[in-house]
Structure formats: C-alpha cells, structure tokens
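Per-entry structural report
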Amino acid sequence: MLVLLAVGIVLPPADAQKPLSVQQSDSEITFQVTQMGVTVRGGFSDWEADIAIDEAKPEDSSARLIVHTASIDTGHSDTDREVKKKNWLAVEQFPEAVFEAERVTRRGDGQWLAEGPLRIRDVSRDIEVPFTLERLDDDRLRMKGTFSIKRADYDVGGGAWGDFDVVANEVRIDFTLVAAP
C-alpha cells in the first residue's frame, strides 16, 4: 500500500517567457514503488502547471507544479484510502504537493534539467528533475522525465509502513506533459 507524489515540469515555447498551456488530456504524472516485492503503480489525476520557458535564456524560465494529493489513483480503492491517511500523504492536512523550479538549464540535444524544492506534506527537499523536450509536428511541446525520491525524506509511510522491506523507500516518478505555446 504505497504511493507518493509526482512532479513535473514543462518547457519551451518559441517566445521568451510566454506561459505554456499544459494539456492534461495528453499528459500524465505517475509513480511506482515496490511493496513486498510487487511493483505498485499509480498516478494523480488532478494537478496544475504554471510554466514559462525562455529557450534562449533558460535561467529566466519558471515552472511550478501543484499536485492535489487526494487525486491519487493506484487502481485499488483500499490502497487509495490507505495512502490518503495520516501515516501516508495526510491529504486532509496536506492537500497539495508542490514543485518549484528555481533553476532550469539546457543540457544539450533536447536534454534539460529543472532544480528546486519539492514539498510533500510539510517537508521540502531540493531535487533535480531531468527531462527531454520535443517539439511535435503540430508545434506542441512534449516533456518527458523520470526521477526518484525517497519517501522517508518526506515522512511518508510511517508506523508499520516505515519498514522498507514492506514498502520500498524509493519511489520512481514519471511524467509526460504536453503543452501548447
């Protein structure tokens, strides 16, 4: 019974710092974690992205992603109920997980990196979010990335769930975000 949050970032329109319109119907934020040797997958259906990117000056870019933690979906209602509780995401007390890119850099050949704090529950940790950026035939942008976080770093999964042999500490987060300039 696990899960965690996801984070994402989106990037470059042709015009400097022009906000992107993220198309949630073509985008997703998912996670996976191992519980008792079995991979548990899930995602979040309710999130918001506020992103502006300057391809010529990545340092002038900004990105903020808010994930509404109650929108977690593992495909199992019992698991979903459990991870919303106090020992996990505590969704009533902490309804949002937030990532803010404080620095965005281009690493070459479609490779980018966003760096900044990820806040889950009442804990904030700096993370790195690598992603690729691709311009689609219809001029929309697709950002894809994968990164991992440690659930214990955010106080997620305490009590009996704190045993990493039961639920792994590492949570992999994958995202695909499609946006129009």
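Structure: above.
Residues numbered from 1 in each chain as written. Predicted model: local features only at pLDDT ≥ 70, side-chain atom pairs only at ≥ 80, totals over all residues. Heavy atoms only, no water.

**Overview of the overall build of the protein**
- Each helix and strand counted, the protein has 1 helix and 13 strands in total.
- Secondary structure elements of the protein occur, N-terminal to C-terminal, as β-β-β-β-β-β-β-α-β-β-β-β-β-β.
- Here the protein has a C-alpha radius of gyration of 16 Å; the compact-globule value for 181 residues is 16 Å, and the two agree.
- Here the C-alpha coordinates of the protein stretch approximately 50 × 30 × 30 Å along the principal axes.
- Within the structure as shown, the protein displays about 8700 Å² of accessible surface, and the carbon and sulfur contribution to it stands at 41%. (Helix = DSSP H or I, 4+ residues; strand = E, 2+ residues; numbered from the N terminus. Rg over C-alpha atoms; globule rule 2.2 N^0.38 Å. Areas by Shrake-Rupley, 256 points an atom, 1.4 Å probe, with all protein chains shown as cover.)

**With respect to the packing of aromatic side chains**
- Per the stated rule, a full pass over the model turns up 4 aromatic pairs.
- With a centroid separation of 5.7 Å and an interplanar angle of 50°, the aromatic rings of F31 and F44 are classed as tilted. On the criterion of sequence distance, the pair formed by F31 in strand β3 (residues 28–35) and F44 in strand β4 (residues 38–44) is long-range, its members being 13 residues apart. (Phe/Tyr/Trp six-rings, centres within 6.5 Å; stacked < 30°, edge-to-face > 60°.)

**Looking at unusual backbone geometry**
- Phi at R121 is positive, roughly 60°, even though this residue is not glycine.
- With respect to the element layout, R121 can be found in the loop between β10 (111–120) and β11 (123–135).
- Residue classification places R121 among the buried positions, given a relative accessible area of 13%.
- Of note in the backbone geometry, D155 takes a positive phi value of approximately 65° without being a glycine.
- Checked against the element boundaries, D155 lands in the loop between β12 (141–150) and β13 (170–180). (Buried < 20%, exposed > 50% of the residue type's maximum accessible area, 1.4 Å probe, protein only.)

**A look at the side chain of T69**
- Position of T69 relative to the elements: it lies in the loop between β6 (62–68) and β7 (72–73).
- Here F94 takes part through its backbone oxygen, which lies 3.0 Å from a polar atom of the side chain of T69. (Polar contact = N/O pair within 3.5 Å; in protein donor to acceptor, adjacent residues only side chain to side chain.)

**A look at the pairing of β6**
- Among the 7 residues in β6, 5 count as buried, and that is most of the element.
- Strand direction decides the pairing type here: strand β5 (residues 47–53) and β6, joined by 6 bridges, are antiparallel. Counterpart to D50 in the pairing with β6 is R64.
- Direction of pairing for β6 relative to strand β8 (residues 96–101): antiparallel, over a ladder of 6 bridges. Paired with V67 across the bridge in β8 is A97. (Pairing = 2+ DSSP bridges.)

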